[in-house]
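# Remarks on the overall topology
Letter by letter, the chains look like this.
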Amino acid sequence: MLEFLQQAITGLMIGSLYSLVAAGIVLVYKSTHVVSLAHGQLVAFGALFFWFFFGSFGWPLWASLIPAFILTAAIGLLIERLALRPLIGQPLFAAFLMTFAVFITLEGIFVLYLKGETRALPAFLPEGNIALGGLSVPVNQMVSFLVAVLLFIALSLVFKFTKVGLGMRATAEDHRLAQGTGITVRKIFSYVWVLSGLVATVAGIAIAGVMDIYYMLPYIGINGLIVAICGGLDSLSGAFVVGLLLGVVENVGAGYLDPLVGGGVKDVVSYIVLLMVLLVRPYGLFGLTRIERI
Amino acid sequence: MRPCGIFDRNYGQDMAIIRTWQHWASLLGALVILYLFPLFGSYYLVSFINLAAISVIAVLGLQIVSGYCGQISFGQAAFMAVGAYTSSVLTTHFGVSFWLALPLSGVVAGAVGAIGGAPSLRIKGMYLAMATIAIHFVLIWLVLHLEITGSFKGLYPPSPTLGGFEFDTDEKMFYIIVSVMLIMTYCARNLVRTRVGRAFVAIRDNDLAGEVMGINLYYYKLLAFFISCFYAGIAGSLWAHLITVVNAEQFTLLHALEFVGMLIIGGMGSIPGVFFGVLFIKILNELVLFTSPVLAGAFPWLGSSPAAAMGLIAFGLAVSIFLIFEPRGLAHRWEIFKASYRLYPFAN
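Residues numbered from 1 in each chain as written. Chains lettered and ligands numbered in written order. Predicted model: local features only at pLDDT ≥ 70, side-chain atom pairs only at ≥ 80, totals over all residues.

The next subject is the interface of chain B and chain A. With 36 residues of chain B at the contact, the number on the chain A side is 38 residues. Among the secondary structure elements, those contributing two or more residues to the side of chain B that touches chain A are helix H6 (126–145), helix H11 (253–266) and helix H13 (307–325) of chain B. Element by element, the count of residues in the side of chain B that touches chain A is highest for H13 of chain B, at 12 residues. Looking at the side of chain B that touches chain A, its residues break down into 28 nonpolar, 5 polar and 3 charged. (Contact = placed C-beta atoms within 7 Å. Helix = DSSP H or I, 4+ residues; strand = E, 2+ residues; numbered from the N terminus. Nonpolar A, V, L, I, M, F, W, Y, C, P; charged D, E, K, R; others polar.)

In structure tokens, the structure reads:
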């Protein structure tokens, strides 16, 4: 039982990272109905920019956060301006394919920069373990978990109470109606991508706190997509809960199934979960049942 | 669009792909040049055509399921892996001849694909694309963890033999690969004009309307996935026996994305578009291979071997540019060119 709880808690901590990645995807989908494959790259670049200033230049923590946020938000803005804005009026699926093209382009730049090496951030989160009964939780993972919780609360508040959030919700409902009530839809799209860049930076820094920056990092976007889809693409709370659940399932499943099948269960559990969710509830566990059924 | 003064007098003439004696002459001439090519072409060009032809077969399959039936699939590389491994296992473990293993690997990959296409019965569009990505990772995981596929070490399938003659070089494999490619192209080009092909197009354009007209959606969607993955399996089998080494590194998600990119650039819903797309991407890759050492010499901060990364950048940019400026792909440009050529001197 203790072993199970320990694995579940480690899973929760990993899962909070998945939720952080999924948050950006849900954000973009909620307002623009574009599913972004490219979000994993934003996360990776957020981590890379932070490493650039914090690890490479040796700036203090607070000072390196600012340029990391600005640069990643700029990439988000560029994606919206150069790649997605020309596709307004085209089928949404074209935008999905465009985010895939953006993913590959940014992947090329990322690989070109890393040249197959890994970049490790110097430890910036407090070290050590907290002991809870018989369980131990690393403090740095605890911090990223708390960051995830705070970020989700903040995002929900933005969506609910600010004027921009209201504009985003209106845009998600209907572009023409939103335009008719005086909301500039294009401006909202830009805001959304900038905001998703900021959220991606948070995720990237949290991830870089617990693992190295290497060439597979952008693929965490696929985990984020799985979480977002399983939770229902337009549900922030769904992304949060499912992210945690997926982390737990992955970790516990790996802990108990690995000895039976000879390892590597962790890599494949999330995909099987996704397939099952898509077959049983294609609109996700918490999403609006608006998806077109065949 | 027919040239001025050409009239179709019966149904056969109207439906013919090859219409005039000039068409027949250029087709036969092209075939003669293609089949004599290994005699005078360089080794580099022959192996380039081999790899391009294998990609053409895989993308033809993708064209049928995505371009004609509208079910986007990011799993083509994994289904190709199924074909490659089936063929390798059959020839190395069971001693089956290549000539039997080739169609069998197509059938096995098709069966796996039909199972993998089952989510398309409930979801479509982006959701289906994500499901096929999940299927890709599950299949590759299985390949890496099963005993029979040699897990991480991979397999070493033999070169095909025919009555004591061994197809052990690229020049000799050229004849097998190009012949199979021509047969597969012929089948694909005609499949899409049959009842089945029209059903696919109806499903793509509006599945509800198609169902109302009496098209069995379940049957035709699974059939589309079966045919598409049959093509992928054949391509995988040819790949396995051309390279004679099979491992999971050869079938990554990036390969699947590359196939989709070829489809976008070539143009969805067009068989000639497959050739345009594959050639465009393959030539782009070769150009990057040639220019990247020069660039690496000029700009040392690029590192010693930037070819792989620069290939990705060029590919991603090409796909974005096509999505923005010519979403119907090179095939559409080709149609415009043909129409204006035939109507000359009148404006199109």
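Moving on, there is more to tell.
Residue and element names in this part refer to chain A. It is the contact of helix H9 (residues 220–231) with helix H10 (residues 236–261), at a shortest axis distance of 8 Å, that shows an interaxial angle of 120°. Taken together, the axis directions place H9 and H10 in an arrangement best described as oblique. Read as a crossing pair, H9 and H10 show a hand that is right-handed. Every residue of H10 that contacts H9 at Val227, Ala228, Cys230 and Gly231 is listed here: Gly238, Ala239, Val241, Val242, Gly243 and Leu246. Here the residues of the contact of H9 with H10 sort into 7 nonpolar, 3 polar and no charged. (Axes fitted to C-alpha atoms, helices over the stretch in contact; angles between N-to-C directions. Parallel < 35°, antiparallel > 145°, perpendicular 65-115°, else oblique. Left-handed = near helix turned anticlockwise from the far one by under 90°.)

All right, on to H13 of chain B then. Each full turn of the α-helix corresponds to 3.6 residues, which orients residues three or four apart in the same direction. The terminal C-alpha atoms of H13 of chain B, which comprises 19 residues, lie 26 Å apart, in line with the 27 Å expected from a rise of 1.5 Å per residue. Buried positions along H13 of chain B lie against helix H3 (61–84) and helix H4 (92–114) of chain A together with H11, helix H12 (271–298) and helix H14 (329–343) of chain B. (Expected span 1.5 Å × (residues − 1).)

The next point concerns the packing of helix H1 (residues 2–32) of chain A against helix H8 (residues 185–210) of chain A. All names here are of chain A. Running from N to C, H1 and H8 point in directions that differ by 175°, and their axes come no closer than 8 Å. Judged by the angle between their axes, H1 and H8 are roughly antiparallel. Counted together, Leu17, Leu20, Val21, Ala23, Gly24, Leu27, Val28, Ser31 and Thr32 of H1 and Ile188, Phe189, Val192, Trp193, Leu195, Ser196, Val199, Ala200, Val202, Ala203, Ala206 and Ile207 of H8 form the full contact between these two elements. In terms of residue class, the contact of H1 with H8 is made up of 17 nonpolar, 4 polar and no charged.

What follows deals with the nonpolar core. Judged by nonpolar contacts, the single largest core of 197 residues is most densely connected at Ala23, Ala47 and Leu274 of chain A together with Ile57 and Ala81 of chain B. When residues of this core are assigned to their parent elements, the largest contribution, 15 residues, is made by helix H10 (residues 217–243) of chain B. Of the domains in this structure, domain 1 (41–251) and domain 2 (252–348) of chain B are the two that each give at least three residues to this core. Apart from the residues lying within four places of it in its own chain, the contact partners of Leu274 of chain A are Ile226, Ile229 and Cys230 of chain A together with Met130 and Ala134 of chain B. (Core = buried A, V, L, I, M, F, W, Y, C linked by C-beta atoms within 7 Å. Buried ≥ 20, exposed ≤ 12 C-beta atoms within 10 Å, placed from the backbone. Domains from an automatic or database assignment.)

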